[in-house]
Amino acid sequence: MLLLQFEDLPILCERHTTSKLSAYEDLQSIKSMGFKGEALASMTFVGHVTVTTITEGHMHGYRVSYRDGVMEYEPRPCATVKGTQIMVENLFYNMTARRKTLQSSNDDYTKIVDLISRFAIHNVDVSFSCRKHGMNRADVHPSGSCSRLEAIRSVCGLTVACDLMEITASDDDPSRYIFKMNGFISNANYIAKKTTMVLYINGILVECTALKRAIDIIYAATLPKASKSFIYMSIILPFEHVDVNVHSPKQELRCLLNHEKIVENIQGAIKSKLMSSNTTRMFQTQVCFIESRKLFFGGLLNCRNMEMRHLSEHYEVVNVIAIP
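Nothing here was measured: the structure is a model prediction, and the numbers come from that model.

Student: Sorry if this is basic, but what is going on with helix H6 (residues 209-222) here?
Tutor: Three or four residues apart is the spacing at which side chains of an α-helix point the same way, because the helix has 3.6 residues per turn. Its 14 residues give H6 an end-to-end C-alpha distance of 20 Å, which sits within 8% of 20 Å, the value for a rise of 1.5 Å per residue. Along H6, the positions that sit buried rather than exposed are Leu-211, Ala-214, Ile-215, Ile-218, Tyr-219 and Thr-222. Down the axis of H6, the sector holding all buried residues measures 135°, keeping them to one side. When the buried face of H6 is taken as reference, the exposed residues oriented beyond 90 degrees from it are Ala-220 and Ala-221. Buried residues in H6 make contact with strand S7 (179-186), strand S8 (196-201), strand S10 (230-236) and helix H7 (259-276).

Below you can see the structure in the form of structure tokens.
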């Protein structure tokens, strides 16, 4: 839980207030998102920011509003719950052209839910709640202090969680490269319309095109055509081996020392896991009835030819012909 002290409020939204650098040597091993700028300070220049906070032991909390990086007035006492609430309103109120480029609220909310879901899967010791304005039910509400698989089940559903396998890979030899990886990957029973990959490197949510492409190659070669995958992966590397400032939005990780070897190691671990778990497979079936020269397949269908696959250890194709 974020707890701000009363003394921090005057400088809370000033630029560089929360810098993680304490010495020049820290530049060699960035442990944060890099030089992306101060989020709260940036928000105050494009929206109305209100902060309400109370710390343990105090009888009441304080509320204050910020604009352009500074307080609009002195903190005012108020009644509130324990913790800190940060509210941003009227986003891009002073940037008409930028405000017009915003998509519909439904599209934006879908992106917000996706991002919060990715945070909730990795940060299992934190409780998240994401609810659309005016709705009573939260779309993302995993309980804190749960296992990784339970967090995935809460966010993505029971169907996804049942088709996942735990995977690990590592190399501790300093003469080559050092890394540790753990996560969950989907098995042969997983069915989805698109690939989902949640990748954390040193606790930071990022994207890695090279790694994603390598994993897609393994799944394409191991599983049936057009099979999609679900990947959650957390990789720990020495901080000096990662440059988080190469990609401006900090979304994609481009500069990674020995990344070819690391990707090759992870690729081999996934291939081995898939090959060893591909001995059994589950399929969903439907009952077919042929009656009065019409084919019933989960409902009445008029058709001339339909191929049904009798799924066992090997595929056997049976042609069912309905006479018109």
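Having seen it, we continue.
Student: Help me out: how do you make sense of the nonpolar core in this one?
Tutor: Where a protein is soluble and globular, its nonpolar side chains tend to be buried together. Counting 33 residues, the largest nonpolar core has Phe-179, Leu-199, Leu-211, Met-233, Ile-235, Ile-266 and Ile-270 as the members making the most contacts within it. Counting residues per element, the ones that place at least two in this core are strand S6 (164-171), S7, S8, strand S9 (204-206), H6, S10 and H7. Looking at this core element by element, the count peaks at 6 residues for H7. With residues up to four places along the chain from it excluded, the contact list for Met-233 reads Met-181, Asn-182, Gly-183, Val-198, Leu-199, Tyr-200, Leu-211, Ile-215, Ile-266 and Ile-270. Of all hydrophobic cores here, the second largest spans 19 residues; its members include Tyr-109, Ile-116, Phe-128 and Leu-164.

Student: Please explain helix H3 (residues 105-122) as it appears in this structure.
Tutor: Its 18 residues place the ends of H3 26 Å apart at the C-alpha level, agreeing with the 26 Å of an ideal helix rising 1.5 Å per residue. Within H3 the residues assigned to the buried category are Tyr-109, Val-113, Ile-116, Ser-117, Arg-118, Ala-120, Ile-121 and His-122. Tucked inside the fold, the buried residues of H3 contact helix H4 (148-156), S8, S9 and S10.

Student: Even after reading the chapter, I still don't get unusual backbone geometry, so can you show me in this structure?
Tutor: It is generally the case that most residues other than glycine have a negative phi and that most peptide bonds are trans. With phi around 60°, Phe-92 is a residue other than glycine that occupies positive phi space. As for its position among the elements, Phe-92 is in the loop between strand S5 (83-89) and helix H2 (96-100). Positive phi values are uncommon outside glycine, yet Asn-202 reaches one of about 55°. Secondary-structure assignment places Asn-202 in the loop between S8 and S9.

Student: Looking at this model, I keep getting lost on the pairing of S7. Mind explaining?
Tutor: Successive residues of a regular strand alternate their side chains across the two faces of the sheet. Counting buried positions along S7 yields 6 of 8 residues, so the element is predominantly enclosed. In terms of strand pairing, S7 meets S10 through 6 bridges, oriented antiparallel. Looking at S10, one finds that Asn-182 is bridged to Ser-234.

Student: Looking at this structure, I do not really get the pattern of salt bridges. What am I missing?
Tutor: Any two side chains of opposite charge can pair if their charged atoms end up close together. On inspection of all chains with the given rule, the structure shows 4 salt bridges. With a shortest N-O distance of 3.0 Å, Asp-114 and Arg-118 are connected by a salt bridge. Taken as a pair, Asp-114 and Arg-118 lie in helix H3 at a separation of 4 residues, close to a single helical turn. With a closest N to O distance of 3.9 Å, Arg-137 and Asp-139 form a salt bridge.

Student: It is not clear to me how the packing of aromatic side chains should be interpreted in this structure. Could you clarify?
Tutor: Each pair of aromatic rings is reported with the distance of its centres and the angle of its planes. The full count for this structure, using the stated rule, is 2 aromatic pairs. Considering the side-chain rings of Phe-6 and Tyr-62, the 4.5 Å spacing of their centres and the 45° angle between planes classify their relative orientation as tilted. You can see Phe-6 sitting in the segment before helix H1 (39-46) and its partner Tyr-62 sitting in strand S2 (residues 61-67), a full 56 residues away along the chain. Of the residues examined, Tyr-62 reaches a relative accessible area of 19% and is grouped as buried. Here the basic side chain of Arg-15 rests over the ring of Phe-45, its NZ or CZ set 5.0 Å away from the ring centre.

Rules behind the numbers
- Residues numbered from 1 in each chain as written.
- Predicted model: local features only at pLDDT ≥ 70, side-chain atom pairs only at ≥ 80, totals over all residues.
- Heavy atoms only, no water.
- Helix = DSSP H or I, 4+ residues; strand = E, 2+ residues; numbered from the N terminus.
- Expected span 1.5 Å × (residues − 1).
- Buried < 20%, exposed > 50% of the residue type's maximum accessible area, 1.4 Å probe, protein only.
- Arc of directions from axis to C-beta.
- Contact = heavy atoms within 4.5 Å.
- Core = buried A, V, L, I, M, F, W, Y, C linked by side-chain atoms within 4.5 Å.
- Pairing = 2+ DSSP bridges.
- Salt bridge = Lys/Arg side-chain N within 4 Å of Asp/Glu carboxyl O.
- Phe/Tyr/Trp six-rings, centres within 6.5 Å; stacked < 30°, edge-to-face > 60°.
- Lys NZ or Arg CZ within 6 Å of the ring centre and 35° of its normal.

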